[in-house]
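# Remarks on the overall topology
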Amino acid sequence: MNAPLSPPPPARFDIAQLRTRLADGGAAQWRSLEQLADLPHFRAFMAAEFPSVARLAQGPDRRRFLQLMAASLALAGLTGCDDEKPDGHSQEVPFVRNPEHQEPGVSYAYASVVELDGMANGVLVTCRDGRPLKIEGNPQHPWSLGGTDAFGQASVLGLYDPFRSQSVRFLDRPSTWEAFRGAMVGRIGALRAGGGRGLWVLTGAVSSPSLLAQLTAMQAAFPAMRIASHVPAGRQGAYAGSVAAFGQRLETQYRFDVADVVVSLDGDLLDPGPWQVGQSRRFIDARREAAAQGRLLALHDASSIPSLTSAKSDYVLAADPSRLIAIAERLGGGGDAGDAAEQAWTARAAAALAAARGRGIVTVGATASTALQAAAHRLNDQFGNLGRTVLHIPAVLPERAGLAELAAAIDGGEVELLLMLGVNPVYDAPVDVDFTTRLAKVAMKVHAGSHVDETALRSNWHLPLTHALESWGDARSPDGTVGLMQPTISPLYSGRSPAEILSLLTDAEPRDGRSMLAAFWQASLPGDRWPAALQQGFVAGTASPPITPVLAAGEAAASPAASSAASPALGGAGLSLIFRPDASLWDGRFAANAWLQELPRPLTKIVWDNVITIAPALAERMKIGHEDQVAVGVEGRVITGHAWIMPGQAPHAIGVTLGYGRTDAGEVADNAGYNAYAVRQSGSLWRADNVELKRVGEPTGRLATTQAHNTMEGHDLVRVQQIGAAPVGDNTAFTQPTLYDGPDESRVVHGDGVAWGMVIDLDACIGCNACVTACQSENNIAVVGPEEVRLGREMHWLRVDRYYSGAVDEPATHFQPVPCMMCEQAPCEVGCPVEATLHDHQGLNQMVYNRCVGTRACSGYCPYKVRRFNYYDYSAGAAPSLQEQRNPSVTVRSRGVMEKCTYCVQRIAEVRITTDKEERPIRDGEVVTACQGACPTRAISFGDLGDRTSAVTRARADGRNYALLGELNARPRTTYLAEFAPPAAADGVKSGGIKRSGA
């Protein structure tokens, strides 16, 4: 028997040789530095169609395996010590008598919102038989416009999470709500007598009008009470920047539809966060419209750390953190010149802004410094953009005291009762606050949260919070629109919402969330407006109208002395540490969500871990290898993690992500990765200067990444369409000769005239992974854990490949979602010995699971590598209640069968049944696949290729349309639209990062 083939060991390669190889015309498109180096052990790993088959006998650690399965398919229907259940729409047990107007097995959708950092995105929650199963976007919501993100998609798993807090706890022992209320009566009464002195409430980001009104009423009853907020990944810098520029806290909004150019300075307009869904949709829509007019809405980005915004930029500059202020000054006509690459980028961006006066946008990321934020506001004023393409509204989030004020009050003995609502400062407070030590000084600590986390274990009382899908409430979107949250299931456990907890503490008779929300809104929404608002999921007309702020007199806030200085020589000195929220775990709140843990990060493709990213030039200078263990020191404090050599990163920037290094987040997340909060300072939350970097050890081989899996090498994979150039599309793949019987057109339109197909617009794809999580939620796709991912056994039916083109130091970045291609002439069908994979009458390439014998021949024949083999029964061993999380319309697969994308055939069948009853054909747009519906930018078109008026047919007629590996003549039903790029004439100064197809 052959020895098992292990995952490739961490690569050791010479970066100088990689630069030379690319300069000499090497790989036009490449996915990783390992692929570019083409080392023997990597080549051996890629040559194995099914790596590590011999490892089957060993198997993963059983304890760890069962933990992960429990997290992915959570046990629901359990209760804590309390069986009290606030009123909701549905029950978590099957109906004995079916409610009127509700059919068993039929899906119903409730409009609601999901929050992130206090900001709301509108969603529709699909429920069946009383169980919420799937999140869809709400197309009527004014902000999110029908899009979602990975966080919203994964919130369904968060509802069924078995690690959620299930009961009230006192000193880490089970208790009840009645016991808690009894214990608080005397304390609250004493505090009321003293005007509330000694009472502090610590919240996260709160935009809820009803909850803010409740806090205001509470403060009126307790005049000396103090309210503080703690938002680890919040946008304090953006508010501070508007105060510096305008003297008031403002939200900035962009009119991409009337813009001709966008310049981003360390920007995040397309990155994960509360603004991603709405901003990315508006940007891509404007870019589409501009392209239809024969012009390019170009995005220029200067960033220290690669991001989704820089990845989608047409012109990108890897700028050292110390140079960002100087670059902003240079755009305005001042500042020093910088090096050649910086000069080229700033000259091009400044010229574009000047040429598009009043039609340009300068945007800055929420994590940028106050000085850079203020500089961007002044640049928009200088170029005539304020009030035209750049608008402002009052801040959505109220101004509150922060942790520093709370810490000072604790040190002064001024805090007797601390109520913490939905926060975990013991884990994520800046290290200089030392919240663990300070919390011990508070006599009575009450923590309310979704999990028994680090802060809960150090509190006197812990109270379980309800999940968003179990709660009544409201929240504002970034544009000010008020979204209404309503429960889609009665609480699975004994949780309560923050509003219900405040009522329990202050009202003589505690009120439930529904009555409080209705009482608040019915006062301003008389008649039938309240039921109508609840039905549509938002209060119409509540978006904040733009205001016209006036720039404050004087110059922008002074930048640090180093900000305009030239970058120091490479080495261990003069380095800046850049903090960013994790693309999947955010600030750590989603650490127990296995879907998000196993979701490949958009740029590194890392799962179940975080890394310390460094630039190729820095790695080369300090002799740090890929995945070496390195230590980063900040003022005597050190974190240790794996180095990740990141193409496109600034030479003097070190990137770390928040959300890992948990110790009390549940068995799924504990002790994974490093805790970046351990070196984060309150005075500079997103950047630390003059940090130390040192290599401390060899690679451990622990990292799990999917970037080298399913590589399709040496082919024209991602195409780029220059504005004004000849079309790069290629439909010849559909007209080549074939050995199949019958005329060619019979393979395109089948018996009943329906031919399902999909077109993916690569220019609209931002790599956000919403589609991947939506597919997992819809199709009962199990997580497999880091050990299995290392062996290439991840089960996602849809992947988003990330490619680079150009130089190692400043490459252009491309994203390409790859589902099943649904080939008309499918090689997998030829290869299967038992005909387990075959075409149906509408051209769908299907898998018959109970016919599959696990030969894996179909995967060997598939050139796209989109098939997944479940080496273990990843969904086995579950109690019957596990069915509550699964979609009953999709088979739960057992061990030993191939799985793959099905174009959501269950959704096609559901619509077909409906239209058959109504005796009419399926209309264009009636069938929406999970990935298509989740996409915030509407990058995916799906429909009937036999309908010449359908959106997918129109997309196929686009000159950018091409088939992936079309030269193989497999005739895929899934095709792509090429990315847009600047016209060839824009090449005036050659610099890295310009979008080109292999240029």
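It should be noted that the structure appears before, not after, this text.
Residues numbered from 1 in each chain as written. Predicted model: local features only at pLDDT ≥ 70, side-chain atom pairs only at ≥ 80, totals over all residues. Heavy atoms only, no water.

For the rest of this paragraph, the subject is the overall build of the chain. Per the secondary structure count, the chain includes 28 helices and 39 strands. Counting the 999 residues in the chain, one finds 61% classified as buried. Once local pairs closer than 6 in sequence are excluded, the contacts in the chain between residues at least 24 apart make up 76%. When the accessible surface of the chain is summed, it comes to about 35400 Å², and 53% of that surface belongs to carbon and sulfur atoms. (Helix = DSSP H or I, 4+ residues; strand = E, 2+ residues; numbered from the N terminus. Buried < 20%, exposed > 50% of the residue type's maximum accessible area, 1.4 Å probe, protein only. Contact = heavy atoms within 4.5 Å. Areas by Shrake-Rupley, 256 points an atom, 1.4 Å probe, with all protein chains shown as cover.)

Once that is clear, we can look at the packing of aromatic side chains. What characterises a pair of aromatic rings is the spacing of the ring centres plus the angle enclosed by the ring planes. For the structure on display, the rule yields 14 aromatic pairs. Ring centres of phenylalanine 170 and tryptophan 461 lie 4.5 Å apart, and the angle between their planes is 35°; this geometry places the pair in the tilted category. Residue phenylalanine 170 is located in strand S4 (residues 169–170), and its partner tryptophan 461 is located in strand S16 (residues 461–464); the two are separated by 291 residues in the primary sequence. Take tryptophan 461: its relative accessible area is 4%, and that puts it in the buried class. Each ring, one from tyrosine 903 and one from phenylalanine 942, has its centre 5.1 Å from the other, and the planes form 75°; the classification is edge-to-face. In this pair, tyrosine 903 is assigned in the loop between strand S35 (898–899) and helix H26 (905–918) and phenylalanine 942 in strand S36 (residues 940–944), connecting sequence segments 39 residues apart. Of the aromatic side chains, those joined through ring pairs into one cluster are Phe170, Trp177, Phe180 and Trp461. Here arginine 662 stacks its cationic end above the ring of tyrosine 427, 4.5 Å away from the centre of that ring. When the ring centre of tyrosine 871 is taken as reference, the NZ or CZ atom of arginine 793 above it lies at 4.3 Å. (Phe/Tyr/Trp six-rings, centres within 6.5 Å; stacked < 30°, edge-to-face > 60°. Lys NZ or Arg CZ within 6 Å of the ring centre and 35° of its normal.)

A word on the packing of helix H7 (residues 209–221) against helix H18 (residues 513–522). At a minimum axis distance of 10 Å, the contact between H7 and H18 shows a crossing angle of 95°. Between H7 and H18, the interaxial angle falls into the category roughly perpendicular. Packed against H7, whose contacting residues are Pro209, Ser210, Ala213 and Gln214, the element H18 presents Met516, Leu517, Phe520 and Trp521 at the interface. The class makeup of the residues in the contact of H7 with H18 is 6 nonpolar, 2 polar and no charged. (Axes fitted to C-alpha atoms, helices over the stretch in contact; angles between N-to-C directions. Parallel < 35°, antiparallel > 145°, perpendicular 65-115°, else oblique. Nonpolar A, V, L, I, M, F, W, Y, C, P; charged D, E, K, R; others polar.)

Now for unusual backbone geometry. Of note in the backbone geometry, leucine 145 takes a positive phi value of approximately 55° without being a glycine. Note on leucine 145: relative accessible area 27%, which makes it partly exposed. In this structure, glutamate 835 is a non-glycine residue whose phi angle is positive, near 55°. In this fold, glutamate 835 is placed in the loop between helix H24 (827–831) and strand S32 (837–839). For glutamate 835, a relative accessible area of 54% translates into the label exposed.

In this section: the pattern of salt bridges. Following the criterion strictly, the structure yields 35 salt bridges and no others. Linking aspartate 582 and arginine 601 is a salt bridge whose minimum nitrogen-to-oxygen distance equals 3.0 Å. Of the two residues, aspartate 582 sits in the loop between strand S20 (575–580) and helix H20 (594–597) while arginine 601 sits in the loop between H20 and strand S21 (606–607), which places them 19 residues apart along the sequence. Among the residues examined, arginine 601 registers a relative accessible area of 6% and is labelled buried. Sharing partners across several salt bridges, the network here consists of Arg281, Asp285, Arg288, Asp761, Asp958 and Arg960. (Salt bridge = Lys/Arg side-chain N within 4 Å of Asp/Glu carboxyl O.)

On to the sheet that holds S4, then. Strand order in the open sheet formed by 7 strands is S5-S4-S16-S15-S14-S6-S7, with mixed pairing between adjacent strands. Here the strands that pair on one side only, and so sit at the sheet edges, are strand S5 (173–174) and strand S7 (226–229). The sheet contact formed by strand S14 (residues 417–421) and strand S15 (residues 444–449) spans 5 bridges and is parallel. Its bridge partner lying in S15, leucine 421 is registered against alanine 448. (Pairing = 2+ DSSP bridges.)

Attention now goes to the sheet that holds strand S2 (residues 119–128). Each strand in a sheet pairs with its neighbour through backbone hydrogen bonds, running either in the same direction (parallel) or in the opposite one (antiparallel). With respect to topology, 3 strands assemble into an open sheet ordered S1-S2-S3, the strand pairing being antiparallel. Looking at the sheet topology across the chains shown, the edges are occupied by strand S1 (107–116) and strand S3 (131–137). Across the sheet, the axes of successive neighbouring strands diverge by a mean angle of 35°, strand direction being ignored. Summarising the sheet, S1 and S2 pair through 10 bridges and their orientation is antiparallel. Across the sheet, residue tyrosine 108 finds its bridge partner in S2, namely cysteine 127. Together, S1 and S3 form the strand contacts of helix H5 (residues 150–159), whose direction differs from that of S3 by roughly 170°.

Turning to helix H19 (residues 529–536), its buried residues number three or more, namely Trp530, Ala533 and Leu534. Angularly, the buried residues of H19 cover 100° about the axis, an arc narrow enough to put them on a single face. Of the residues one or two after H19, glycine 537 is the one with positive phi, at around 90°. (Arc of directions from axis to C-beta.)

This paragraph deals with the environment of alanine 984. Take alanine 984: it is sitting in the segment after strand S39 (979–981). Judged by relative accessible area, alanine 984 falls into the partly exposed class, the value being 46%. The sequence separation of alanine 984 and alanine 725 amounts to 259 residues, and the corresponding C-alpha distance is 7.9 Å.

This part covers the pairing of strand S8 (residues 250–254). When you tally the buried positions in S8, you get 5 out of 5 residues, the bulk of the element. The alternating pattern of S8 places Leu250, Thr252 and Tyr254 and Glu251 and Gln253 on opposite faces, both of which are buried.

The next point concerns the nonpolar core. Among the nonpolar cores identified, the biggest contains 146 residues, and Leu577 and Ile654 are the most heavily contacted of them. Counting residues per element, this core draws most heavily on helix H22 (residues 770–778), which supplies 5 residues. Residues contacting leucine 577, with those up to four places away along its chain left out, are Val632, Val634, Ile654, Val656, Val679, Trp686, Arg687, Ala688 and Val691. (Core = buried A, V, L, I, M, F, W, Y, C linked by side-chain atoms within 4.5 Å.)

All we've got here are geometric facts, nothing functional implied.
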